[in-house]
Amino acid sequence: MARGKWQIGKRAIEILTITREKAKIEAEKVYGACGRECACYAGTNRTEYKGGNNIMKTKRVLTLVICAAMVMGILTQTVTKVASSSADSLPRLTGESSRTEKQLYNGVTLTSIGTPSGSAYGYQNFNIVRFDLAQRDLYLDTFYYNNDARKLALVTSDITQYNQTHPGKTAIAAVNGDMWMVAYAHARIEGSGTSYGGYSDAVVKKELTVSRSYNVVDGEIFTSGTIEQETPYAGPSWSFGITDDYVPLLGVPVVDIRATDTANNSQLKIDGINRLPANNAIVMYTDRVMKTYKGFALDDAYEILLEFDSDYTPAHGMNVTGTVKAIYSPENGQNPDYINEKQMVLTARGNKIAALKQFAVGDAINITLSVSDLQGHTEEWQRVQTAIGGNIVYVQNGVLTGNGLESGYPTTLLGYDNSGKIIMLTMNGRGQGGTGGSGPRLAQLCTDLNLYSAFILDGGGSMTMVVNDGTKYTPVSHAVDSNGTSYRTVNNALVLANGPERAAQGHFDIELPIEVTDPINISFPSSGYVKALISGENQATSGWEDECLKLTAANMNTAPGMADPYANLSYQNIKNKASANTYKYITLIYKMPKTNAGAAYYTELFCQCEGRAPEGGQSVVGVTYATDRYEYVTLNAGTLSKWKGTISSLRIDFFAGNSPSLRDGDVMYVHNVILSKTAEEAKSTAQVIVSELNGDPLPTATATPTPTPEPTATATPTPTATHTPKPTATSTPKPTATPTPKPTATPTPKPTATPTPKPTATPTPKPTATPAPTTTATPVPTSTPTATPEPAVTATATAIPTPTPAATEDATAPPTPEPTQEATSVPTHEPTAEPTAEPTAEPTAGPSAGPIEKERALSTAGRVVIIAGAVALISILIVILLSIKRRDSADDK
């Protein structure tokens with residue numbers, strides 16, 4: 001094709017070089033020759049000749065246009081080829097000042113990026129390894145040194161031993177993995193006097209450094225997630241998993257383990273695998289801990305030794321029967337010895353000892369195990385072959401969570417982007433080559449890199465990345481211990497390797513969220529708003545029904561004693577921002593059916609600002625009721641010391657502290673989440689909306705205000721990127737139907753006011769900064785549009801001001817101890833200008849459009865080349881046309 005275009009262009013240039021003689025000949029062919037050239041040109045036939053010359057002028061112009069089109073086509077094709085060759089490069093980071101790329105292996109790239117002190121990241125050095133498990137010779141494995149769940153080793157040692165223990169595979173790169181239970185915090189050693197988080201009770205005789213979260217190696221569970229009895233309890237444990245068909249996912253997997261005495265059918269529940277021997281818990285220990293370690297349980301523990309006919313694998317679907325070989329109790333003062341792969345120890349303390357005492361020596365004990373996921377991906381987690389535990393989730397399913405992290409923290413981040421490619425990233429901190437991570441920086445990072453789901457692994461002094469530089473394994477990122485010199489040993493590592501061709505990657509969908517604009521009055525006119533704003537559910541599912549966020553309690557039985565269903569509402573996914581300094585009150589407009597187990601519930605909101613975590617009890621609590629009608633509850637977040645700066649998220653614990661009355665299927669419908677400046681404003685706004693939804697008369701009214709004219713809006717379709725085993729996923733739009741406005745009953749008017757019925761789902765344009773004129777009317781809310789949510793309607797005794805996001809104040813809190821990963825806010829500055837509504841929202845991807853579309857676009861350099869070429873070509877055309885005109889003018893003379 002390029003060659004053909006060149007030949008056409010060449011011919012066009014030849015035509016442009018036609019001489020005046022040829023022009024004359026062409027004219028004579030059309031008008032005939034007079035036999036006298038001078039007469040033809042200057043005499044009676046001059047008009048005819050000029051007509052022929054004009055034709056030639058037209059031909060020349062057309063030829064120039066054709067030539068220009070050909071050259072532009074060739075130029076565009078060339079630049080497109082250049083752009084496509086770099087389309088798979090990592091997206092640029094905001095403010096990056098330097099970048100180098102190195103291919104570690106076919107399809108595996110190490111990108112090193114620097115940012116200056118004035119950038120959004122501050123002075124920073126990033127190292128990012130990016131790859132796609134659709135490539136069938138790549139493997140991602142969790143690795144423990146010596147296959148020991150409690151062993152600590154350098155990442156360089158891990159990657160070297162990996163090659164020795166995995167014949168046929170060669171490690172390409174590795175990063176540090178999960179956090180672990182440390183002596184000064186969780187694994188408090190007897191007699192040490194250690195106190196942490198308000199707990200000073202001893203847990204072990206000697207330190208037991210097991211992983212904090214759910215970790216799987218070659219399909220075997222090395223550790224289940226933290227259990228409530230481990231103190232201080234850190235909450236649900238997140239993990240990054242790879243299924244048996246090489247699909248990545250992020251979730252909160254939990255285990256359900258049952259031990260049944262086959263003789264008398266007595267049964268007990270085991271709380272976890274290779275956890276700390278915590279009080280009031282039963283823990284199952286495998287040879288991954290006790291093959292080389294023993295005598296760590298306190299003397300008050302009651303333990304039994306089980307032996308099986310063959311090796312067993314703790315995994316979903318395990319169903320094995322063993323025999324009780326020995327009992328170790330406080331009375332006999334004995335402890336279990338080292339065990340092998342055919343043995344297991346069950347250890348009980350506190351109120352769980354009585355259950356374990358049912359078993360006697362010689363009894364046949366059946367052990368079953370099942371896995372589920374608190375995030376709703378149970379089937380996938382039951383097929384996971386590799387899992388690595390982590391800490392704080394920053395983006396889930398394309399939704400930024402608003403979580404935080406202490407400023408300056410060296411960070412290891414793991415996740416996958418909108419095209420399904422996996423990213424392992426490290427960033428330095430604490431003065432060791434960079435300023436480190438923080439909540440806002442990591443949120444920006446997820447946006448810049450188009451990450452779909454990502455969380456951080458262990459960081460601080462543990463942050464390490466090691467790559468194969470062609471001759472040896474070299475740390476390209478590493479932190480140091482507190483002494484400032486030595487590298488830190490870690491509990492496990494995540495290793496990327498190449499090996500023999502394996503089965504193809506399975507199919508998975510990546511659904512990008514829509515854009516939401518209004519933080520003041522959040523509503524849910526379509527299911528797309530739920531997907532765009534809600535993430536991080538725990539013992540809960542989030543859905544959409546009747547223009548409401550539907551929160552349903554689920555998996556109550558998978559974590560007994562931990563009944564805490566909640567969902568995270570992220571303000572970081574809202575285009576405009578709101579300041580906690582201005583908006584002190586949070587109102588939930590909700591409905592609970594009478595079919596719930598209880599009539600009244602506590603509802604708790606954990607409030608997060610500046611990308612911080614909800615630390616130190618930073619929450620407010622109210623009472624909600626099951627009435628089958630819409631109600632409202634307003635909570636004063638202004639009482640919280642950390643409610644300042646930009647609002648980043650709310651964690652809605654919709655059935656907080658109600659474990660005795662909770663059951664699976666209990667539900668709460670949330671229609672609005674409204675921010676208000678005053679208690680009076682919150683009350684008046686909520687009463688109007690609740691009255692409208694229930695079809696009741698307004699509580700008080702003196703006049704009916706005139707509704708504001710509203711533009712129409714339609715629902716925003718949610719694009720869906722389908723990731724297949726091919727190198728690049730295919731993006732297909734997923735339409736979202738326009739929701740039907742909710743019908744409301746006609747309210748009964750009071751003598752002094754006529755309530756306005758709920759209008760159709762059309763948005764109210766956001767007003768300018770000038771408040772509405774004074775009036776005594778009670779405001780009438782409008783339903784929130786599908787494309788752009790509207791601000792909350794507010795009222796006072798004399799005026800109806802429209803709440804507007806205000807400027808954010810700086811906030812800084814001191815860093816907290818590393819094991820808890822608590823946050824320190826990073827100041828941000830919000831504009832004082834009021835956000836402006838957009839009449840129609842385009843189908844925009846969440847934090848940023850995915851690389852599925854972006855990688856097909858021309859690079860910036862390519863665009864520059866095209867523009868420069870076009871300018872040069874136009875200049876040439878102008879010169880040629882002017883030359884033709886001058887020559888023809890001379891000919892005419």
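Calculation rules
- Residues numbered from 1 in each chain as written.
- Predicted model: local features only at pLDDT ≥ 70, side-chain atom pairs only at ≥ 80, totals over all residues.
- Heavy atoms only, no water.
- Helix = DSSP H or I, 4+ residues; strand = E, 2+ residues; numbered from the N terminus.
- Contact = heavy atoms within 4.5 Å.
- Areas by Shrake-Rupley, 256 points an atom, 1.4 Å probe, with all protein chains shown as cover.
- Buried < 20%, exposed > 50% of the residue type's maximum accessible area, 1.4 Å probe, protein only.
- Salt bridge = Lys/Arg side-chain N within 4 Å of Asp/Glu carboxyl O.
- Phe/Tyr/Trp six-rings, centres within 6.5 Å; stacked < 30°, edge-to-face > 60°.
- Lys NZ or Arg CZ within 6 Å of the ring centre and 35° of its normal.
- Pairing = 2+ DSSP bridges.
- Axes fitted to C-alpha atoms, helices over the stretch in contact; angles between N-to-C directions.
- Polar contact = N/O pair within 3.5 Å; in protein donor to acceptor, adjacent residues only side chain to side chain.
- pLDDT = per-residue confidence, 0-100.
- Patch = residues over 30% accessible without salt bridge, like charges linked within 9 Å, V, L, I, M, F, W, Y side chains within 5 Å.

Colleague: Before we move on, can you summarise the overall build of the protein with the specific residues and values?
Modeller: A tally of helices and strands in the protein yields 13 helices and 40 strands. Considering only contacts within the protein whose residues lie at least 6 apart along the sequence, 75% involve residues at least 24 apart. Surface exposure of the protein reaches about 35400 Å², of which carbon and sulfur atoms provide 54%.

Colleague: Tell me about the environment of L369, residues and numbers included.
Modeller: Note that L369 resides in strand 17 (residues 364-373). The class for L369 is buried, based on a relative accessible area of 4%. In contact with L369, not counting residues within four places along its chain, are I221, D256, I257, I273, P314, A315, H316, G317 and M318.

Colleague: Can you explain the pattern of salt bridges? Please cite residues and give values.
Modeller: Pairing between side chains of opposite charge can happen when their charged atoms approach one another. All told, the structure shown has 24 salt bridges when counted by the stated rule. The partner of R130 in a salt bridge is D417, and the shortest N-O contact between them spans 3.2 Å. In this pair, R130 is assigned in strand 3 (residues 124-131) and D417 in strand 21 (residues 411-417), connecting sequence segments 287 residues apart. With a shortest N-O distance of 2.9 Å, D256 and R258 are connected by a salt bridge. A relative accessible area of 26% means that R258 is categorised as partly exposed. If you follow the salt bridges from partner to partner, you end up with R92, E96, R99 and E101 in one network.

Colleague: How would you summarise unusual backbone geometry if you had to cite specific residues and measurements?
Modeller: In this structure, P232 follows T231 across a cis peptide bond, with omega equal to -5°. Tracing the sequence through the fold places P232 in the loop between strand 7 (220-223) and strand 8 (239-243). In this structure, Y246 takes a positive phi of about 65° despite not being glycine. Looking at the secondary structure, you find Y246 in the loop between strand 8 and strand 9 (248-251). In this structure, Q539 takes a positive phi of about 50° despite not being glycine. Within the secondary structure layout, Q539 lies in the loop between strand 29 (534-538) and strand 30 (540-545). Overall, Q539 belongs to the buried group, its relative accessible area being 1%.

Colleague: Lay out the packing of aromatic side chains in plain terms, naming residues and giving numbers.
Modeller: In total, this model carries twelve aromatic pairs according to the counting rule given. An aromatic cluster of three or more residues is present, and its members are F240, Y416, Y452 and F508. The ring of Y293 carries K206 above its face, with NZ or CZ at 4.5 Å from the centroid. Over the ring of Y246 we find R502; its NZ or CZ atom is 3.8 Å from the centre of that ring.

Colleague: Tell me about the sheet that holds strand 26 (residues 493-498), and name the residues and values.
Modeller: Hydrogen bonding along the main chain pairs the strands of a sheet, whether they run parallel or antiparallel. Reading across from one edge, 4-26-5-24-25 is the order of the five strands in this open sheet, with antiparallel pairing throughout. Each edge of the open sheet is held by one strand with a lone partner, namely strand 4 (138-143) and strand 25 (473-478). For this sheet, the mean angle separating the axes of adjacent strands, direction not counted, is 20°. Two elements, strand 5 (residues 170-176) and strand 24 (residues 464-468), share three bridges in a ladder whose sense is antiparallel. Residue A173 lies in a different strand from strand 24, and its bridge partner there is V467. Running over the sheet, helix 5 (residues 155-165) touches strand 4, strand 5, strand 24, strand 25 and strand 26 and is turned about 150° from strand 5.

Colleague: Now, about helix 9 (residues 439-448): what can you tell me, with residues and values included?
Modeller: The buried count for helix 9 comes to eight of ten residues, which makes it a mostly enclosed element. Of all the positions in helix 9, only G439, R441, L442, A443, L445, C446, T447 and D448 are classed as buried. Against the buried residues of helix 9 lie strand 3, strand 19 (393-396), strand 20 (399-400), strand 21, strand 22 (422-427) and strand 23 (451-456). Looking one or two residues beyond helix 9, the residue adopting positive phi is N450, at roughly 55°.

Colleague: Which residues make up the sheet that holds strand 1 (residues 98-105), and what values go with them?
Modeller: The strand order 1-2-3-22-21-23-19-20 describes an open sheet built from eight strands, whose pairing is antiparallel. Because the sheet does not close on itself, it has two edges, and the strands there are strand 1 and strand 20. Relative to strand 3, strand 2 (residues 108-115) is paired through seven bridges, and the arrangement is antiparallel. The residue of strand 3 that forms the bridge with L110 is V129.

Colleague: Describe the side chain of R288, listing the residues and the values that go with them.
Modeller: Position of R288 among the secondary structure elements: in helix 6 (residues 287-290). A polar atom in the side chain of R288 sits 2.8 Å from the side chain of E220. Leave out the neighbours within four places in its chain, and R288 touches N147, D148, A149, R150, E220, F222 and N274.

Colleague: Quick rundown of the confidence of the model for the protein? Include the residues and the values.
Modeller: Detailed reading of the predicted model is not advised wherever pLDDT is low. Mean pLDDT for the protein: 77, with 67% of residues reaching 70 or above. Throughout residues 1-21 the model reports pLDDT below 50, and contacts reaching past four residues in sequence, or to other chains, amount to 22 contacts. Every residue in residues 74-86 is under pLDDT 50, and counting partners more than four places away or in other chains gives 15 contacts.

Colleague: Outline the environment of R441, supporting the account with residue identities and numerical values.
Modeller: By the element assignment, R441 lies in helix 9. Relative accessible area serves as the criterion here: at 16%, R441 is assigned to the buried category. Along the chain, R441 and G404 lie 37 residues apart, while their C-alpha atoms are 9.5 Å from each other. In this structure, R441 is in contact with A120, Y121, S407, G408, T435 and G436, ignoring residues within four places of it in sequence.

Colleague: I'd like a rundown of the pairing of strand 2, residues and numbers included.
Modeller: Counting buried residues along strand 2, six of its eight residues qualify, which places the element largely inside the surrounding structure. Across seven bridges, strand 1 lies against strand 2 in antiparallel orientation. Counted as the bridge partner of Q103 is T109 from strand 2. The hairpin formed by strand 1 and strand 2 contains two residues between the paired strands, and G107 there has a positive phi angle of roughly 85°.

Colleague: Any chance you could break down the pairing of strand 14 (residues 302-307) for me, citing the residues and the numbers?
Modeller: Most of strand 14 is tucked away, with five of its six residues classed as buried. Of the pairings in the sheet, the one linking strand 14 to strand 15 (residues 319-328) comprises five bridges and is antiparallel in character. Looking at strand 15, one finds that E307 is bridged to T323.

Colleague: Please set out a nonpolar patch on the surface residue by residue, giving values where relevant.
Modeller: There is a patch of nonpolar side chains on the surface, built from Y602, V621, V623 and Y625 and spanning about 370 Å² of accessible area. A per-element tally of the nonpolar patch places strand 35 (residues 619-625) first, with three residues. If you trace the backbone, V623 turns up in strand 35. For V623, a relative accessible area of 35% puts it in the partly exposed group.

Colleague: Describe helix 5, and please don't skip the residues or the numbers.
Modeller: The periodicity of an α-helix, 3.6 residues per turn, causes residues three or four places apart in sequence to face the same way. All buried positions along helix 5 are accounted for by V155, D158, I159, Q161 and Y162. On the buried face of helix 5, the contacting elements are strand 4, strand 5, strand 24, strand 25 and strand 26.

Colleague: Which residues make up the environment of A597, and what are the values?
Modeller: Looking at where A597 falls in the secondary structure, it is placed in the loop between strand 33 (585-591) and strand 34 (600-609). With relative accessibility at 37%, the residue A597 sits in the partly exposed group. In this structure, the C-alpha to C-alpha distance between A597 and P660, residues 63 residues apart in sequence, is 9.6 Å. Filtering out sequence-adjacent residues up to four positions away, A597 remains in contact with S661, R663 and D666.

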